[in-house]
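Chain and residue survey
Each chain, letter by letter, is given below.
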Amino acid sequence: MQKQTLSFQAEVAQLLKLVTHSLYSNPEIFLRELISNASDACDKLRFEALNEAALYEADTELKVRVSFDKHAKTLTITDNGIGLSQQEAIDNLGTIAKSGTRDFMAKLSGDQKNDAQLIGQFGVGFYSGFIVADKITVESRRAGLPASQGVRWSSDGTGEFEVSEIERAERGTSITLHLKDDALDYLNAWKLKGVINKYSDHISLPILMEKEEWQEGENDQPGEMAKTGEWETVNQAAALWTRAKKDITQEQYDEFYKQISYDQNPPLATTHNRVEGSTEYTQLLFIPAKAPMDMFNRDKAAGVKLYVKRVFIMDEAQALMPSYLRFVKGVVDSSDLPLNVSRELLQESRAVKAIREGCTKRVLSMIEDLAANDAEKFATFQAEFGAVLKEGLGEDSANRDRLAKLLRFASSTTDTATVSFADYKARMKEGQDAIYYITADTLAAAKSSPQLEIFRKKGIEVLLMADRVDEWALNYLHEFDGTPLQSVAKGAVDLGKLQDDDEKKAAEEAQTHFKPMLDKLKEVLKDKASDVRATARLVDSPACLVVQDGDMSTQLARMLKQAGQVVPEVKPILEVNAQHALVKKLEAGDNFDDLAHILFDQALLAEGGLPEDPAAYVRRVNALLEKSV
Ligand code: ADP
Ligand code: MG
């Protein structure tokens, strides 16, 4: 291969400018990124060598070396990982394979701490070398290729890079940074060790630096530190989760969390355990303090990495965590799985099932612990993840009761969404035998829903639910601790013992007395309503819509339709308040049909729906207005 000069992909050139300009005040992260790449390269080698041991070329001790040359002003990071072929050097260092670059640039906030995390997240870490270097030279040979097929790549980080073929005996990659004048403080072992300590302590590979010794100067020259030719390991070189809990500080856990999650906030909760028994594994799991933007995408990658006997196997191991806990980040390291385990195999493995159950239980106890001991953090948890957790009611029947205890809701008598089923039960009225709730599109709509009127009047609390998953999730929860759950918008209201005899009698009388009018309404509205009946549920409103017990609510049907799903047509029941002035007028009035339609459409509007024929609705209302104004 001839020496070639190639241009960076346009996005890279743009990115390089941004990286160097937006991160100059936090330059040290370049070392974290380059060491992380070296570690990835060693992971890749280990993984490929599972099927092709020859790739080790009799050099199985994977490691990273960090060295510097004061006189040449260079810093070099060398690994004996998978290496790069010539084409890979061109592709991987000259273009950005991942499509997220534009997102990355859009997300750059100007907040350096935040942006520094983003760099790793978007797979553009290599370019952070240009924060401290005005030229980078990469020399590499891919494992398995002959020494004659090495590659040298170099660039000053502006528009172009050069590649040429070199002879390189050693497998792996060497990255040499020609430091800028304002970055010469990295030519110092103490400084480098400090940075490695801060960011890369938990990297499971040994990171080596050459030992130095103080050497007296000769002939009145000042003394200096001189290299001894002996290399020492400067990091812990043990994956964080393999170390004893007592030797790990919360800061170290936090730093590790930040690196695997690309989240600049510390986690809300951390758990680290070695599980023994029929399946043995170590779990290091975190609950973040903030939900990701795409949390409600159920296809979103899970946040748990799988290792088998310290060997990295895969990111985003879906099989290790139920979908409703997809916000959990961390690592599971198992000694019971084969190293060549595939995603398909994971789905079927008994050991994986046991791990998944164990991890689920662990996470639930972390949340229970927050609920019991840290109101503030638990409130954060609820605000960020309360809605996803509800998916568990449907997804994880084994833990349904445990989950139900962790849910919190708004209610008609409280302003904050902090009511648990247990709180609700403790406040139930004498004679009340159900937990009442209502689902709506928004909390405001739930709160002003006509179905609540009778409950307000009687001082009965109703839980308000406005998360999208609520109705679906509550399908799976029929009772809490022996008390049934009842939607106030479904079925007939049966307040049971809460209604006195007079009220019951009045309701029955209304039903017979109004029968002729109800039949007439039913006839006029037969295309819209499956039934029309008198109700005791309303106090101030003339009418409302309800559905049969077990039917999908009109809101849920609407939501699913908007999402493009086919939903069975369910006609709601129109319930009318026989005491209401408007309904009384209806009985006597001459424009019965128009009023009937208005009554129905208004009930629909009141719960956030739209009349089927809005123009007809407007026409009818206007006709009425004209008469009365
Ligand atoms: P990421 O690590 O997220 O892929 P980087 O910008 O850090 O993004 O690295 C870009 C690519 O360059 C890597 O995916 C890898 O293919 C290649 N690369 C970087 N450093 C090394 C290395 N030390 N050994 C082998 N390949 C490397
Ligand atoms: Mg990287």
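Residues numbered from 1 in each chain as written. Chains lettered and ligands numbered in written order. Predicted model: local features only at pLDDT ≥ 70, side-chain atom pairs only at ≥ 80, totals over all residues. Heavy atoms only, no water.

The helix and strand tally for the protein stands at 21 helices and 23 strands. Radius of gyration (C-alpha) of the protein: 34 Å, far over the 25 Å computed for a compact globule of 629 residues. Dimensions along the principal axes, computed over C-alpha positions, put the protein at roughly 115 × 55 × 50 Å. For the protein, the residues scored as buried account for 50% of the 629 residues in total. Long-range contacts, defined as pairs at least 24 residues apart, comprise 71% of the intrachain contacts of the protein with a sequence gap of at least 6. (Helix = DSSP H or I, 4+ residues; strand = E, 2+ residues; numbered from the N terminus. Rg over C-alpha atoms; globule rule 2.2 N^0.38 Å. Buried < 20%, exposed > 50% of the residue type's maximum accessible area, 1.4 Å probe, protein only. Contact = heavy atoms within 4.5 Å.)

Turning our attention to a negative patch on the surface. Together, D134, D156, E160, D181 and D182 line one region of the surface with negative charge. By the element assignment, E160 lies in strand β6 (residues 160–166). Look at E160 and you get partly exposed, because its relative accessible area is 45%. (Patch = residues over 30% accessible without salt bridge, like charges linked within 9 Å, V, L, I, M, F, W, Y side chains within 5 Å. Areas by Shrake-Rupley, 256 points an atom, 1.4 Å probe, with all protein chains shown as cover. Salt bridge = Lys/Arg side-chain N within 4 Å of Asp/Glu carboxyl O. Lys, Arg positive; Asp, Glu negative; His and termini not counted. Charge placed at Lys NZ, Arg CZ, Asp CG, Glu CD.)

Attention shifts here to the sheet that holds strand β16 (residues 414–419). Read across the open sheet, the six strands follow the order β16-β15-β18-β17-β20-β19; overall the sheet is mixed. The open sheet terminates on both sides in strands that have one partner only, identified here as β16 and β19 (479–480). Two elements, strand β17 (residues 435–439) and strand β18 (residues 463–465), share three bridges in a ladder whose sense is parallel. Residue pairing across strands places T439 opposite M465, the latter belonging to β18. (Pairing = 2+ DSSP bridges.)

Turning next to helix α3 (residues 86–94). For α3, the set of buried residues is Q86, A89, I90, L93 and G94. Along the axis of α3, the buried residues cluster in a sector spanning 105 degrees; they form a single face. (Arc of directions from axis to C-beta.)

Moving on, we get to the nonpolar core. Ranked by internal contacts, the top residues of the largest apolar core, which has 74 residues, are I287, L306, F381 and F421. Residues from two domains meet in this core; each of domain 2 (241–380) and domain 3 (407–497) gives at least three. Apart from the residues lying within four places of it in its own chain, the contact partners of F421 are A404, L407, F409, I435, L463, L474, L477, F480 and L485. Ranked by size, the runner-up nonpolar core spans 57 residues in total, among them Y56, V163, L179 and L192. (Core = buried A, V, L, I, M, F, W, Y, C linked by side-chain atoms within 4.5 Å. Domains from an automatic or database assignment.)

This part takes up the pattern of salt bridges. According to the stated counting rule, one finds 30 salt bridges in the structure shown. Notably, a salt bridge pairs R46 with D43, separated by 3.5 Å at the nearest N-O pair. In this pair, R46 and D43 both sit in helix α2 (residues 29–49), three residues apart, roughly one turn of the helix. Exposure class is identical for R46 and D43. Each is buried. A salt bridge links E230 to K211; the nearest nitrogen and oxygen atoms lie 3.3 Å apart. Of this pair, E230 sits in strand β9 (residues 224–233) while K211 sits in strand β8 (residues 207–215), and the two are 19 residues apart along the sequence. The network of salt bridges with shared partners includes E48, E88 and R142.

A few words now on the domain arrangement of the protein. Along its sequence, the protein is organised into domain 1 (3–237), domain 2 (241–380), domain 3 (407–497) and domain 4 (498–551 + 561–628). Averaged C-alpha coordinates put domain 2 and domain 3 at centres separated by 34 Å.

Quick look at the packing of α2 against helix α6 (residues 189–200) now. One can describe the packing of α2 onto α6 by two numbers: an axis separation of 9 Å at closest approach and a directional angle of 65 degrees. Both α2 and α6 take part in a crossing whose hand is right-handed. Taken together, the residues of α6 that come into contact with α2 (itself represented by I29, L31, R32 and I35) are L192, V195, I196, Y199 and S200. The residue makeup of the contact of α2 with α6, split by class, is seven nonpolar, one polar and one charged. (Axes fitted to C-alpha atoms, helices over the stretch in contact; angles between N-to-C directions. Left-handed = near helix turned anticlockwise from the far one by under 90°. Nonpolar A, V, L, I, M, F, W, Y, C, P; charged D, E, K, R; others polar.)

Time to look at the environment of Q86. Of note, Q86 is situated in helix α3. Placed 499 residues apart in sequence, Q86 and K585 show a C-alpha to C-alpha distance of 87 Å. Of note is the side chain of Q86, whose polar atom sits 3.1 Å from the backbone oxygen of G150. (Polar contact = N/O pair within 3.5 Å; in protein donor to acceptor, adjacent residues only side chain to side chain.)

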